[in-house]
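# An overview of the molecular structure
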Amino acid sequence: MNDDKRFYFAAKAFIVHEGKFLIVQRSESERNPLFWELVGGRMEFGETVSANLKREIMEEVGLQNIEIIAPIGVWSFMLDENNQLVGSTFLCKSATNEIKLSFEHKNYAWIAKDELGKYNVFPGIIEEMNGWDWEYIENVCR
């Protein structure tokens, strides 16, 4: 195995509150600033997946007391020729919709599934969402 090749794990949160889900737009200083995405990020060494999700959610949007329901998607892409990012998206519920954005993001929106086309969402997220069991998601989040 080539020692120069690395992969990282990240967790993303599909956060639902009262029938809508949260998307965030990256700040100008971040990669792909025009894209909207889900909250989340890379795991730190020794961290559990649930601890990673809760930390990233708190850091990026200030939400606490998130209920992590279940994984709903798995994804992977190449960051460059030597680095791969592998991740999973988790269905989460929030008791509140009050957001406090970090410097990483400049905007947020709580949207319904049929409003997704109004936002410039990162293409990989759209592809992943197309494979989700939306009936399951809607039933769990009622």
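Bear in mind the structure is a predicted one, so any value in this text is a computation, not a measurement.

### Considering the environment of Lys54
Structurally, the position occupied by Lys54 is in helix H1 (residues 49–61). Judged by relative accessible area, which is 46%, Lys54 ranks as partly exposed. Taking the C-alpha atoms as reference, Lys54 lies 9.1 Å from Ala13; in sequence the two are 41 residues apart.

### Remarks on the nonpolar core
Core analysis: the biggest nonpolar cluster contains 18 residues, and Phe14, Phe21, Met129, Trp132 and Ile137 have the highest contact counts within it. Elements with a minimum of two residues in this core: strand E1 (6–17), strand E2 (20–26), strand E7 (105–111), helix H2 (123–130) and helix H3 (134–140). When sequence neighbours within four positions are dropped, the list of residues in contact with Met129 reads Phe14, Phe21, Leu38, Leu116 and Trp134. Core analysis: the next-biggest nonpolar cluster, separate from the first, contains 15 residues, Ala13, Ile57, Phe90 and Trp110 among them.

### Considerations on H2
All of the buried residues along H2 are Ile125, Glu128 and Met129. Burial along H2 is one-sided: seen end-on, the buried residues are contained in an arc of 100 degrees. Relative to its buried face, H2 has exposed residues pointing more than 90 degrees away, namely Glu127 and Asn130.

### Comments concerning the pattern of salt bridges
Counted by the stated rule, this structure contains seven salt bridges. For Glu37, the salt bridge goes to Arg26, with nearest N and O atoms at 3.3 Å. Residue Glu37 is found in strand E3 (residues 36–37), and its partner Arg26 is found in strand E2; the two are separated by eleven residues along the sequence. Look at Glu37 and you get buried, because its relative accessible area is 11%. Taking relative accessible area as the criterion, Arg26 reaches 14% and is therefore assigned buried. Ionic pairing is found between Arg55 and Glu47, a salt bridge with its closest N-O pair at 2.7 Å. Of the two residues, Arg55 and Glu47, both sit in the buried class.

Each value, and the rule that gives it
- Residues numbered from 1 in each chain as written.
- Predicted model: local features only at pLDDT ≥ 70, side-chain atom pairs only at ≥ 80, totals over all residues.
- Heavy atoms only, no water.
- Helix = DSSP H or I, 4+ residues; strand = E, 2+ residues; numbered from the N terminus.
- Buried < 20%, exposed > 50% of the residue type's maximum accessible area, 1.4 Å probe, protein only.
- Core = buried A, V, L, I, M, F, W, Y, C linked by side-chain atoms within 4.5 Å.
- Contact = heavy atoms within 4.5 Å.
- Arc of directions from axis to C-beta.
- Salt bridge = Lys/Arg side-chain N within 4 Å of Asp/Glu carboxyl O.

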